[in-house]
Number of protein chains: 6
Amino acid sequence: MRFDEAYSGNVFIKSHPSFEESEAVIYGMPMDWTVSYRPGSRFGPARIREVSIGLEEYSPYLDRELDEVKYFDAGDIPLPFGNAQRSIDMIEQFVDKILEAGKFPLGMGGEHLVSWPVIKAMYKKYPNLAVIHMDAHTDLRVEYEGEPLSHSTPIRKAAELIGPENIFSFGIRSGMKEEFEWAKEAGLYIAKFEVLKPLQEVLPKLAGRPVYITIDIDVLDPAFAPGTGTVDAGGITSKELLAAICEIARSDIHVVGADLVEVAPVYDHSEQTANTASKLIREMILGWVQKRI
Amino acid sequence: MRFDEAYSGNVFIKSHPSFEESEAVIYGMPMDWTVSYRPGSRFGPARIREVSIGLEEYSPYLDRELDEVKYFDAGDIPLPFGNAQRSIDMIEQFVDKILEAGKFPLGMGGEHLVSWPVIKAMYKKYPNLAVIHMDAHTDLRVEYEGEPLSHSTPIRKAAELIGPENIFSFGIRSGMKEEFEWAKEAGLYIAKFEVLKPLQEVLPKLAGRPVYITIDIDVLDPAFAPGTGTVDAGGITSKELLAAICEIARSDIHVVGADLVEVAPVYDHSEQTANTASKLIREMILGWVQKRI
Amino acid sequence: MRFDEAYSGNVFIKSHPSFEESEAVIYGMPMDWTVSYRPGSRFGPARIREVSIGLEEYSPYLDRELDEVKYFDAGDIPLPFGNAQRSIDMIEQFVDKILEAGKFPLGMGGEHLVSWPVIKAMYKKYPNLAVIHMDAHTDLRVEYEGEPLSHSTPIRKAAELIGPENIFSFGIRSGMKEEFEWAKEAGLYIAKFEVLKPLQEVLPKLAGRPVYITIDIDVLDPAFAPGTGTVDAGGITSKELLAAICEIARSDIHVVGADLVEVAPVYDHSEQTANTASKLIREMILGWVQKRI
Amino acid sequence: MRFDEAYSGNVFIKSHPSFEESEAVIYGMPMDWTVSYRPGSRFGPARIREVSIGLEEYSPYLDRELDEVKYFDAGDIPLPFGNAQRSIDMIEQFVDKILEAGKFPLGMGGEHLVSWPVIKAMYKKYPNLAVIHMDAHTDLRVEYEGEPLSHSTPIRKAAELIGPENIFSFGIRSGMKEEFEWAKEAGLYIAKFEVLKPLQEVLPKLAGRPVYITIDIDVLDPAFAPGTGTVDAGGITSKELLAAICEIARSDIHVVGADLVEVAPVYDHSEQTANTASKLIREMILGWVQKRI
Amino acid sequence: MRFDEAYSGNVFIKSHPSFEESEAVIYGMPMDWTVSYRPGSRFGPARIREVSIGLEEYSPYLDRELDEVKYFDAGDIPLPFGNAQRSIDMIEQFVDKILEAGKFPLGMGGEHLVSWPVIKAMYKKYPNLAVIHMDAHTDLRVEYEGEPLSHSTPIRKAAELIGPENIFSFGIRSGMKEEFEWAKEAGLYIAKFEVLKPLQEVLPKLAGRPVYITIDIDVLDPAFAPGTGTVDAGGITSKELLAAICEIARSDIHVVGADLVEVAPVYDHSEQTANTASKLIREMILGWVQKRI
Amino acid sequence: MRFDEAYSGNVFIKSHPSFEESEAVIYGMPMDWTVSYRPGSRFGPARIREVSIGLEEYSPYLDRELDEVKYFDAGDIPLPFGNAQRSIDMIEQFVDKILEAGKFPLGMGGEHLVSWPVIKAMYKKYPNLAVIHMDAHTDLRVEYEGEPLSHSTPIRKAAELIGPENIFSFGIRSGMKEEFEWAKEAGLYIAKFEVLKPLQEVLPKLAGRPVYITIDIDVLDPAFAPGTGTVDAGGITSKELLAAICEIARSDIHVVGADLVEVAPVYDHSEQTANTASKLIREMILGWVQKRI
């Protein structure tokens, strides 16, 4: 019976009730207004929380349990529908506060543009920041049909801020010719099609550095993540993605923040995408939070 | 920013944070283990809460706003999967507590069997209790394939407890011949096919009495509520059901508790059923809670 | 032909195991190869049988039970995929046998073209035959893009065989201008948009005559029957269609056969269309079978 | 064989190939970035065109055929994703051109905000403009969570431009208390819950005036239009909406432009909403285009 | 029990009409009342039978045809909804009879708890029994929220009956820490994540022994089996599972019975899960039935 | 603004407006009337075009852009519903014209039978023709339930026309025993289960020869292509299929035409199948068109 306190409803399973005592903060960025194809990722964070009740608390991959990490679920940031600039500003301020409090930000999108303000905030705290980016798409456009604030531009913006040589993209299988060429010239690392093997090569080079990791769920093949805006054939399996998360957990880098974006529940009647996302979030909590500086 | 307190996530829109200060208590009864056809109503309460964010707070039907009533969302009762007897006992105890505290119980199912323990609890407090029952089905079976605890039996059980002459069923369009015959002999009122008109005749007779109201969402035609276990053609429109709720609100009966059951989200891709249910809950809050004794 | 032994397949609820002893024969005509828009009605009969397990055996509309009528479920006629002419011939022969045996043919489509060979067979036995036709569409085309064997032509063919003055169409809301004009000139009765009221006017004129009744499920509004090939707004409710079936049951006509066609399950995730169809079949059995000459 | 000219693919059925020779212009406004609940209406216009191939060209409601009106399908306006202000400006300019050419603008949304720039353009040409608005929602907010450019504000903006006494809303069943109160004070006509009857009263008062008509598909009950962003129970039937369109066609008002908005195909697996919308567009073409001044 | 006559219901393709003459008996265990997450597997057996009409009768994997094995489809055991204990007792008695008659039991679930009574029955006949278990989950809980009869406990119960050292689990990727630890201590073999390779190592050790094989469809990744209660990322492909079935067919173990459980059709709109299950059943029939002692 | 010319709506992205100037011609063959299981592929071509707007124009697999090839989209051939023979004749004539004009035919199905008339047309122009066939099914039946024109027979017919030794099938995992045996005897090459590796062996043998390539989307596992008529577990990944297309692009064969068939959108709510097909078409355009003689 829960009559003595407010029912704390739909939160990520095993969230800790106190922000102060937590090591990490989970938060949703329910924004999808700049996507060029199929919207709907605004409902990603809520659905990921909802299905997290079906999760086991123990990871046989990492041999750890959720009880070993304290994380607070701050809910969704109340972003203003249709206003990209104000949304981005609000996200940056939100993450600033998490970082000030010395906690690990673990964001859930929403469209990929939400990673841009997070990386801005991270960079203010970690000038030596590197970014690991897993995605089907380069996201290196300068603008999309005239709009610089677009789901196709966040990695380009990040590259211009922290330096393209500090960005490492994996699993890429889609983009404009210009994007690939720019990456090559600028020295931005792109591993086409694969994630695990190139990651094993890159991780040692990043040893000791603070790294932010952004995962677009569409790095998975649509077979493994049909519930996303842009389904693009030829992706990796969820087994490979789980292995990549573990590989990072066992590496010598410092993970200082992370996000998982572009889960759009309405396109997936079986809800496998949201369930997969909730499992990935569990592994990110167990494997990464305590690796921060 | 919500860093100072736990994020109170998926609750029915505008719920009051304090049980003590509230007039009504919303609670889920996530049980579907005795249904004979399609299960899934265990997820009804969670989905109704989730979509309630899309609700307007004002009712142009009743010209009232949610701010005018204080209600606490107690979440779902943690019922033991597959154990009907223990589930029923837990529900009865839960409602006992709400009644002891002098509050209005507003339950969300779950299969219809959940109404049986609620009515038991209501009857202990209100010996003069009458029940208004809106449903496609009589639910008057003695047992279903040998099981007395079944989604087909709650109204029969209630009739045997409080007397069949105190039960008033509306919108009925399905049942065994024996059920209709027993109702006739026992003096249990059944209005076949229609709700609003017969209700207008019955309400004056119940003036001044304490009445519990149980609504099975399948009283609506499947066109208006495809997301339910047993879809049965020939039902009423959501307009008629909304009108019936208002008719009760304007009558001279005392509503002392209510429930809305059998929303099974998985059968309704458009989520119209959960959205309709959340609107019905709003009207029940605005129209009924302050009519209690 | 499987008349000598019980069809061992998915059967309609409460089917009688003996062809010999039965008054009526239920059969499927799983054909959808001439439809111009969305195919899928070939799976209609199987799905209607499957969901019939959810039906009550008693009708509160007619106050009768399935035990009061003996009907045999002969399964689906094994029609050759993609061959309209051979399919039509097989259906005609199949119905010939049912009629020779003195039984009531109750067919399930499949596309509406299947009614054409049935009516041919009926007419051989009943030269005084009239046809009641409930549908969204006139189905009076001479051909469809050059094909005379099309789901748009069965009523025209029937009219040319038995005389347009013997055909009575109800609920029509779609067709070519030429079709409506031809009907007017030829004396074929068309009640636009409505079913129940015009039917009440027509039935007395048909008293004592043998009547075949063909119902296209799309006479219902798509809200009530989304699972069909051609969804066309502005149709009747399932309440009105149920009332029409009862009206016929209480009239003085002789119903000598009937069909229900165009249920296409794949377009209806909630399965309300198949469930509605199975309820309609129940009412047709209870209300019509024992009215035959 | 179509080798001699470009295949003109997905256009509304029977569109005329020449802009110059046409009386009306159909165009899509594929925008959904300011919606507060479920996005997806950006794909409405494309899907309405696609399913229009299933339409009959003749209307038995109006006894007219599509051949009797010449209309050009201009495709979708290429609106910039996520930029509400620029989108609105582009729409206004687009409609300006249609009006300059003396043609009837027939728009398809997209979210309801798209009607705002259209009405601005209409008002420049018709200073005596009245607006008929059919919708579940008042859409009279001044802003939504701080954003004045929102799908909840278009009718308020229109009212402030052309005068609230020139706006006539029908079928309204949702809104904030403040919106209803403002309407009352300002003299903006609102018919709650119903469309046809109040319309019959209002039309004579508008005789001879230029009227723009905007229909939000959610004026229909979700049973009849599940494929929309905000499903709100208690709406009208598609029969009533078709009758309302005909009522206007037979009235003495001048219809000078119209739109149909908020069709969001992803929420409707049966595609009944898009099919219904395409039928409504047909009736609007046949009934309204030649009533313009 | 329906062994005396052919089950006249939806049967698995090419089933033999005589129980007496058959080597194997297919039966459904339509129970899902103890599942903690998503119910619906009660409809698994019926849907697997229904889609089996799409199967080829020949296996290019095993180079055998269904004509080479005689199997009887006994239909679904009529289990009492919501009563776990009685359901389990009925299943055990049902399998007892199959074993008495010297036939191979091939069961279809239903939730995984159904395997527990089957293994009890098997063990009475084969005291030297080993169990091969392919699953995403350990299913080794002692109880689930107080209920010992739960879909999370069957393998634990089996282990306690036949000895943990006689149980071999493959593909496991989910469970409580305690379950993995108990398995380790107790000597219950668990191959994490993989099936084929560890199976190739285990099979020689089981040569000559009677083995019961239980496959939970969720051993497949959700990409390959979205239609199940608990979708858990990181599973094997259907190619690997097909190879595992063949590997067993070519091994020196005696397969004495088998089941395939947890197909829940409602979560898979494409019906790929049921189609895959029907193919797996075909391979189990062709590869395993004639390996029994 | 597109007022000066007709809007050329739903065409494959970046299609060239002139047939004369194009190297290749894309065309749809919207036929599904002979399929024995689930129809719906008639809508495949339209949906593939529609979702092609989500495609990137650049291929990182082939390092080429769509601008480098000129292709005309001729729309769908208007095939007569339900008439297999006439449909086949129309397709053959259509392809004859494309070949006469010296262009590359790139067809989209529709059921697999459509490949038969295309191959007939190809063979008239290229007497030395070989066929590469990727499919789950042999498609080598002589007839299907009496019908020689069936979706199960096209490769047999092709084999009889051009000689079985000129046909090379890959990825086959389903068929009758007789089909595999006939292939063996006749010398028709079948690579079971795999595509890429056997293709690498076969391609050198075909160097310099004109080759037509037909891909049935169901060569992919249902996980990767749920939207097809016959979902058959155990298929290849989309990664392998993309690699196979590239392998062919880099080989020394002359590709003289190709098709992609059996996309049936209604079975895939996420639309991943149509999106995958549109990506495959892009790769076929970029990799194959300029390899023709």
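All values derive from a computational prediction rather than experimental measurement. For every chain, the first residue of the written sequence is number 1, and numbering continues from 1 onward in sequence order. Think of it this way: whatever chain is written first is A, whatever ligand is written first is 1, and the rest follow in order. A pLDDT threshold of at least 70 governs which residues receive local features in this predicted model, and a stricter bar of 80 or more applies before side-chain atom pairs are shown or counted, although totals over entire chains, interfaces and linings include all residues. Think of the side-chain values as coming from all heavy atoms in the structure, minus any hydrogens and water.

Caption draft 1: Expanded view of the overall build of chain A. Across its full length, chain A holds 8 helices and 10 strands. Projected onto its principal axes, the C-alpha coordinates of chain A cover approximately 60 × 40 × 35 Å. Partly exposed residues are those whose accessible area sits between 20% and 50% of the maximum for their type, while under 20% is buried and over 50% is exposed, using a 1.4 Å probe and protein chains only. Taken over 293 residues, chain A has a buried fraction of 74%. In chain A, the share of contacts with a sequence separation of at least 24, taken over all contacts with a separation of at least 6, comes to 79%. Per-residue accessibility takes into account occlusion by the displayed protein chains alone, with areas from the Shrake-Rupley method and a 1.4 Å probe. Counting every atom, chain A has about 8300 Å² of accessible surface; 48% of that belongs to carbon and sulfur. Of the side chains in chain A, 30 bear a positive and 45 a negative charge, and the two mean positions are spaced by 2 Å. Strands are runs of DSSP state E lasting at least two residues, helices are runs of H or I lasting at least four, and both sets are numbered from the N terminus onward. Any two residues whose heavy atoms approach within 4.5 Å are treated as being in contact. Here Asp and Glu are counted as negative and Lys and Arg as positive; His is not counted, and neither are the chain ends. By convention, charge coordinates are those of NZ in Lys, CZ in Arg, CG in Asp, or CD in Glu.

Caption draft 2: Geometry of the pattern of salt bridges. Here, a salt bridge means any side-chain nitrogen of Lys or Arg that lies within 4 Å of a carboxyl oxygen of Asp or Glu. Per the stated rule, a full pass over the model turns up 126 salt bridges over all chains. Linking Arg64 of chain E and Glu68 of chain E is a salt bridge whose minimum nitrogen-to-oxygen distance equals 3.2 Å. For Glu68 of chain E, a relative accessible area of 33% corresponds to the partly exposed category. Residues joined in a network through salt bridges with shared partners are Arg47, Glu50 and Glu271 of chain A together with Arg47, Glu50 and Glu271 of chain B.

Caption draft 3: Structural context of the packing of helix α7 (residues 238-249) of chain D against helix α8 (residues 272-288) of chain D. All names here are of chain D. In this analysis, axes come from line fits to C-alpha atoms, helices being fitted only over the stretch in contact, and the angle between any two N-to-C directions falls in the range 0 to 180 degrees. In the contact formed by α7 and α8, the axes pass within 9 Å of each other and the chain directions differ by 10 degrees. Between α7 and α8, the interaxial angle falls into the category roughly parallel. Of the two elements, α7 crosses α8, and the hand of that crossing is right-handed. In this structure, α7 uses Leu241, Leu242, Ile245, Cys246, Ile248 and Ala249 to contact α8, whose residues at the interface are Lys279, Leu280, Glu283, Met284, Gly287 and Trp288. Basically, the charged four are Asp, Glu, Lys and Arg, the nonpolar ten are Ala, Val, Leu, Ile, Met, Phe, Trp, Tyr, Cys and Pro, and anything else, Gly included, counts as polar. Here the contact of α7 with α8 is composed, by residue class, of 9 nonpolar, 1 polar and 2 charged. By definition in this entry, angles of less than 35 degrees are roughly parallel, angles greater than 145 are roughly antiparallel, angles of 65 to 115 are roughly perpendicular, and the rest are oblique. Here a crossing is taken to be left-handed if its near helix is turned anticlockwise relative to the far helix by less than a right angle, and right-handed if that turn runs clockwise.

Caption draft 4: Structural view of helix α8 (residues 272-288) of chain B. To estimate the expected span of a helix, count its residues, drop one, and scale the result by 1.5 Å. Here α8 of chain B spans 23 Å end to end across 17 residues, near enough to the 24 Å set by a 1.5 Å rise per residue. Burial runs high along α8 of chain B: 17 of the 17 residues are buried.

Caption draft 5: Fine view of the sheet that holds strand β9 (residues 210-216) of chain E. Residues and elements named next belong to chain E. An order of β4-β1-β5-β10-β9-β6-β7-β8 is seen for the 8 strands of this open sheet, with the pairing classed as parallel. Because the sheet does not close on itself, it has two edges, and the strands there are β4 (71-76) and β8 (189-192). Along the sheet, successive strands turn relative to each other by an average axial angle of 15 degrees, direction set aside. Sheet analysis places strand β7 (residues 167-172) next to β8, joined by 4 bridges and oriented parallel. Residue pairing for β8: Ser169 is matched across the bridge by Ile190. Helix α1 (residues 44-51) contacts β1 (24-29), β4 and β5 (104-109) of the sheet and is inclined by roughly 105 degrees relative to β5. Lying over the sheet, helix α7 (residues 238-249) contacts β6 (130-134), β9 and β10 (254-261), oriented at roughly 165 degrees with respect to β6. Strands are labelled as partners when DSSP assigns at least two bridges between them.

Caption draft 6: Local environment of the sheet that holds strand β4 (residues 71-76) of chain A. Residue and element names in this part refer to chain A. On the basis of which strands lie adjacent, the open sheet formed by 8 strands has the order β4-β1-β5-β10-β9-β6-β7-β8 and parallel pairing. In this open sheet, the two strands that pair with only one neighbour each are β4 and β8 (189-192). Pairs of neighbouring strands in the sheet enclose a mean axial angle of 15 degrees, with direction left out of account. Contacts from helix α8 (residues 272-288) reach β1 (24-29), β4, β5 (104-109), β9 (210-216) and β10 (254-261), with the element oriented near 175 degrees to β10.

Caption draft 7: Looking closely at a negative patch on the surface. Two joining distances apply to patches: 9 Å for like charges and 5 Å for nonpolar side chains (Val, Leu, Ile, Met, Phe, Trp, Tyr), and every residue must have over 30% relative accessible area and no salt bridge. Taken together, Asp63 of chain A together with Glu178, Glu181 and Glu185 of chain E make up a surface patch of like negative charges. Structurally, the position occupied by Glu178 of chain E is in helix α5 (residues 177-186). Using a relative accessible area of 44% as the deciding quantity, one classes Glu178 of chain E as partly exposed.

Caption draft 8: Examining the side chain of Asp221 of chain B more closely. Residue position: Asp221 of chain B is located in the loop between β9 (210-216) and α7 (238-249). There is no salt bridge for the buried Asp221 of chain B, and the closest opposite charge comes from Arg173 of chain B, which lies 5.3 Å off by N-O distance. When near neighbours in sequence (up to four residues on either side) are disregarded, Asp221 of chain B contacts Arg173, Ala233, Gly234, Gly235 and Ile236 of chain B together with Phe224 and Ser238 of chain C.

Caption draft 9: Summary view of the pairing of β1 of chain A. Residues and elements named next belong to chain A. Counting buried positions along β1 gives 6 out of 6 residues, so the element sits mostly inside the fold. In β1, alternate side chains face the same way, and those of Ala24, Ile26 and Gly28 on one face and Val25, Tyr27 and Met29 on the other are all buried. The pairing of β1 with β5 spans 6 bridges and is parallel. In the sheet register, Ala24 faces β5, and the bridge partner there is Phe104. For β1 and β4, the ladder comprises 4 bridges, and the chain directions are parallel. Within β4, the residue paired with Val25 across the bridge is Phe72.

Caption draft 10: Expanded view of unusual backbone geometry. Look at the link from Gly109 of chain B to Gly110 of chain B: it is a cis peptide, with omega at 5 degrees. Relative to the assigned elements, Gly110 of chain B resides in the loop between β5 (104-109) and α3 (115-125). Positive phi, normally seen in glycine, also occurs at Glu271 of chain D, with a value near 60 degrees. By the element assignment, Glu271 of chain D lies in the loop between β10 (254-261) and α8. Taking relative accessible area as the criterion, Glu271 of chain D reaches 15% and is therefore assigned buried.

Caption draft 11: Examining the environment of Glu283 of chain E more closely. All names here are of chain E. Structurally, Glu283 is set in helix α8 (residues 272-288). Exposure remark for Glu283: the relative accessible area of 0% places this residue in the buried category. On a C-alpha basis, the gap between Glu283 and His112 in space is 20 Å, while along the polypeptide they are 171 residues apart. If near-sequence neighbours (up to four positions away) are discounted, Glu283 is found in contact with Ser59, Tyr61, Leu62, Leu242, Ile245, Cys246 and Trp288.

Caption draft 12: Examining the pairing of strand β7 (residues 167-172) of chain D more closely. All names here are of chain D. Burial runs high along β7: 6 of the 6 residues are buried. Taken together, the 4 bridges between strand β6 (residues 130-134) and β7 define a ladder with parallel strand orientation. Along β7, the bridge assignment pairs Met134 with Phe170. For the handedness criterion, the β-α-β arrangement of β6, helix α4 (residues 154-162) and β7 is classed as right-handed. Place the viewer so that the strands point away; then a crossover is right-handed whenever the path from the first strand over the helix to the second strand goes clockwise. Remark: the β7/helix α5 (residues 177-186)/strand β8 (residues 189-192) crossover connection has right-handed handedness.

Caption draft 13: Representation of the packing of aromatic side chains. Two aromatic rings, drawn from Phe, Tyr or Trp (for Trp, its six-membered ring), form a pair once their centres lie within 6.5 Å of each other, and the interplanar angle then sorts them: stacked below 30 degrees, edge-to-face above 60, tilted otherwise. Enumeration according to the criterion identifies 66 aromatic pairs over all chains in this entry. Ring geometry for Trp33 of chain B and Phe81 of chain B: centres 5.8 Å apart, planes at 75 degrees, overall edge-to-face. Here Trp33 of chain B, found in the loop between β1 (24-29) and α1 (44-51), pairs with Phe81 of chain B, found in the loop between β4 (71-76) and α2 (84-100); they are 48 residues apart in sequence, far enough to count as distant. The exposure classification of Trp33 of chain B matches that of Phe81 of chain B, with both residues buried. Here the aromatic rings of Phe224 of chain C and Phe224 of chain D are separated by 6.2 Å at their centres, their planes lie at 75 degrees, and the arrangement is edge-to-face. Pair noted here: Phe224 of chain C is in the loop between β9 (210-216) and α7 (238-249) and Phe224 of chain D is in the loop between β9 (210-216) and α7, and the two residues belong to different chains. The two residues Phe224 of chain C and Phe224 of chain D agree in class, both being buried. One aromatic cluster in this structure is built from Trp33 and Phe81 of chain A together with Tyr144 of chain D. The ring of Tyr267 of chain E carries Arg38 of chain E above its face, with NZ or CZ at 4.0 Å from the centroid. One residue, Lys103 of chain E, lies across the ring of Phe19 of chain E, its end atom 5.4 Å from the ring centre. Either the NZ atom of lysine or the CZ atom of arginine qualifies as a charge over a ring when it sits within 6 Å of the ring centre and within 35 degrees of the ring normal.

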